[in-house]
Amino acid sequence: MCEQNFQKMENIASMDLKEKIAELPQRGFIDMDIDPTLDLFEEIQKLKKEKNAVLLAHYYQNADIQDVADYIGDSLQLAQYAEKTDADLIVFAGVHFMAETAKILNPTKKVVLPDLHAGCSLADSCLPGPFAEFKKQYPDHVVLSYINCSAEIKALSDYIVTSSSAETIINTLPKDQKIIFAPDRNLGAYLSKKLGRDMVLWNGSCIVHEIFSLEKITKLQEKHPNAKMIAHPECEEAVLNVADYIGSTSALLKYTSTDEATEFIVATEPGIIHKMMQASPNKTFIPAPPNNACACNDCPFMKMNTLEKIYLCLKYEMPEIIIDENLRLAAKKSIDRMMEISAQAGIK
Ligand code: SF4
C-alpha cells in the first residue's frame, strides 16, 4: 500500500475512534467492528503482555472470559488481588463497583471496565442522598455495607463487608453495638438471624438471587434426592431454609470440592458452575431455576462483558474508572477496615 493511502486509512481509523470515545458515556463500551479472523484469546494474551496488564474476572463471568483471565475470584479475593498487583493496567471483567473498588485500593494503576453500564441491582438500590437521610435516623448505629455499593455509599459507611468476611467483621463488634446493614436486606436478615444481632436493614436486593423459585427447587430436590442444595446468602429466607449449605461464592466452590456428595443444586449465579466443574469433573451441578421461564439465572450485568469488549478495552485502555480523590480517600477507610480484619482472620 502506498504511503498516502496508508495515512488516509490511519486518519479514518483515528476519526472513527474519536467518535467511539465520544459515544462512551451513552454506549458504555467501545463499539467497533473486530476483524472476524482474529483469535481473540491470542490477541488478549498478546496485549496483556505488551501492556503489563492483568485481567481479573469474577466467578460469575462466562466460561470463555474465565479461561483467558489471569485471576478469578469472588469480590473479596478480587479486591485483595487488585490491591497488591504490580501490573500497570487492571482490566476488570466484573461489574462497576468491583472495578471502582480496585481503583480505590490501587489508585496509581489504570483500571478499565469492558462495559461501564455493567452495574448491579444492589448498588443501584442504594443512592447516597436517601442513604444519608436514612443514616441520620440511627445516629448511634455503626454502618456496615456490603461491597456491592457505590464509592459514595462506601464513604458513608464504617465497614465494608463481603459475603465471605461479613460474619468475622460483625463478630469484632461489641454484642450490644447497634448496626445498620446495607444494601442487601436478604444478606442482612441472614446475618442478623445467624449471629443474633439486632440490625436495621436497607431495603435492597439482588435481582438474580431474589428470584429463585422455591417451588421449582423443591421439585428438583424430589427428583434428585441425593443432591445437596447449596445457596448464597443473598437468596430469600424461604430458599435458604431448604439449603443444605449456605455460603459465599468462594465457600460454595470449596464446599462442592470437599463434600462427599456428587450432585449439587446450585442457588447462585450459574457462572460459578464452570469453576465447580473444573474442580470436581466427576460431579453433577444443576443450576437452581428462577421463577420465570428461563432454565438458569444469569446476572444480566455480569454477562454484559464479552471477549470482544475485553479485547477492545484492553487495546484502547478504556472505558477507564476515574474517581474524585476526596471521595476515594473517604471510601477507602471503610474498605481498609475490611481488608485488615480479613487479613488478620486469614480470610482469602
Ligand atoms: S448477581 Fe446480583 S449482586 Fe451480583 S452483580 Fe448481579 S445484580 Fe449485583
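Note that the structure is predicted; figures quoted are calculated from it, not measured. (Residues numbered from 1 in each chain as written. Predicted model: local features only at pLDDT ≥ 70, side-chain atom pairs only at ≥ 80, totals over all residues.)

1. A few points about helix H10 (residues 185–195)
Condition: Think of it as a crowd count around each C-beta: if 20 or more other C-beta atoms lie within 10 Å the residue is buried, if 12 or fewer it is exposed, and in between it is partly exposed, with C-beta placed from the backbone throughout. Only DSSP runs of H or I reaching four residues or more are called helices, and only runs of E reaching two or more are called strands; each is numbered from the N terminus. We call two residues in contact whenever the C-beta atoms placed from their backbones are within 7 Å.
Residues of H10 that are buried: Arg 185, Asn 186, Leu 187, Gly 188, Tyr 190 and Leu 191. Buried residues belonging to H10 abut strand S5 (141–146), helix H9 (166–171), strand S7 (178–182), strand S8 (199–201) and helix H12 (237–241). Remark: Gly 196 follows H10 within two positions and exhibits a positive phi of approximately 60°.

2. Side note on the packing of helix H4 (residues 75–84) against helix H5 (residues 96–105)
This is how the line gets drawn: Structural elements are reduced to axes, namely lines fitted to C-alpha atoms, with helices fitted over the stretch in contact, and the angle between N-to-C directions of any two is expressed from 0 to 180 degrees. Take the far helix as the reference: if the near one is turned anticlockwise from it by less than a right angle, the crossing is left-handed, and if turned clockwise, right-handed. Residue type decides the class: Asp, Glu, Lys and Arg count as charged, Ala, Val, Leu, Ile, Met, Phe, Trp, Tyr, Cys and Pro as nonpolar, and the leftover types, Gly among them, as polar.
The interhelical angle for the contact between H4 and H5, taken along N-to-C directions, is 35°, at an axis separation of 8 Å. Handedness of the crossing formed by H4 with H5: right-handed. Each of Ser 75, Leu 78, Ala 79, Ala 82 and Glu 83 in H4 lies in contact with H5, whose residues at this interface are Met 98, Thr 101, Ala 102 and Leu 105. Its residues placed into classes, the contact of H4 with H5 shows six nonpolar, two polar and one charged.

3. With respect to the environment of Arg 185
Here Arg 185 is to be found in helix H10. The class of Arg 185 is buried, set by 20 C-beta atoms lying within 10 Å. For the pair Arg 185 and Asn 203, spaced 18 residues apart in the sequence, the C-alpha separation amounts to 5.3 Å. Setting aside residues up to four positions removed in sequence, Arg 185 forms contacts with Leu 201, Trp 202, Asn 203, Gly 204 and Ser 205.

4. As for the sheet that holds strand S11 (residues 263–267)
Sheets are built from strands that pair by backbone hydrogen bonding, the pairs being arranged parallel or antiparallel. What counts, and what does not: Pairing between strands is defined by DSSP: at least two bridges between the two strands are required.
Strand order in this open sheet of four strands is S10-S9-S11-S12, and the pairing throughout is parallel. With partners counted over all chains shown, the strands left at the sheet margins are strand S10 (245–246) and strand S12 (284–287), one partner each. Strand direction decides the pairing type here: S11 and S12, joined by four bridges, are parallel. Bridged to Phe 264 within S12 is Phe 285. Most of the contacts of helix H11 (residues 214–223) go to S11, to which it runs at about 175°, and overall it touches strand S9 (228–231), S11 and S12.

5. Things to note about the site of the ligand
We apply this condition: The C-beta atom of each residue is placed using the backbone, and any residue whose C-beta lies within 6 Å of a molecule or strand is treated as near it.
The immediate surroundings of the ligand are formed by 13 residues, with Cys 120, Ser 121, Cys 206, Val 208 and Cys 299 found nearest. Of the residues contributing to the shell around the ligand, the split by class is nine nonpolar, three polar and one charged.

6. Quick word on the sheet that holds S8
Strand order in the open sheet formed by four strands is S6-S5-S7-S8, with parallel pairing between adjacent strands. Sheet topology places strand S6 (159–161) and S8 at the edges, where each strand pairs with a single neighbour. Averaged over all neighbouring strand pairs, the angle between strand axes comes to 30°, with direction disregarded. Here S5 runs beside S6; their pairing, made up of three bridges, is parallel. Across the sheet, the residue bridging to Leu 144 is Tyr 159, located in S6.

7. With respect to H5
Among the 10 residues that make up H5, 10 are buried, leaving the element largely enclosed by the rest of the structure. Among the residues of H5, His 96, Phe 97, Met 98, Ala 99, Glu 100, Thr 101, Ala 102, Lys 103, Ile 104 and Leu 105 are the ones counted as buried.

8. Concerning the pairing of strand S1 (residues 53–58)
Spelled out, the test is: Clockwise travel from the first strand over the helix to the second, with the strands pointing away from the viewer, marks a crossover as right-handed.
With six of six residues buried, S1 is to be regarded as a mostly interior element. Residues Ala 53, Leu 55 and Ala 57 line one face of S1 and the alternating positions Val 54, Leu 56 and His 58 line the opposite face, and both faces are buried. Pairing geometry for S1 and strand S3 (residues 89–93), over five bridges, is parallel. Counted as the bridge partner of Val 54 is Ile 90 from S3. Across three bridges, the pairing between S1 and strand S2 (residues 71–73) is parallel. From the neighbouring strand, Ala 57 faces S2, where its bridge partner is Ile 72. Handedness of the crossover joining S1 and S2 through helix H3 (residues 63–68): right-handed.

9. Regarding the nonpolar core
We apply this condition: Think of a nonpolar core as buried Ala, Val, Leu, Ile, Met, Phe, Trp, Tyr and Cys residues, each tied to the set through C-beta atoms within 7 Å.
One finds Leu 55, Leu 56, Val 91, Phe 92 and Ala 267 to be the most contacted residues of the largest nonpolar core, which totals 99 residues. In terms of residue count, the dominant contributor to this core is H5 (six residues). Residues contacting Leu 56, with those up to four places away along its chain left out, are Ala 69, Asp 70, Tyr 71, Leu 78, Tyr 81, Ala 82, Ile 90, Phe 92 and Ala 93.

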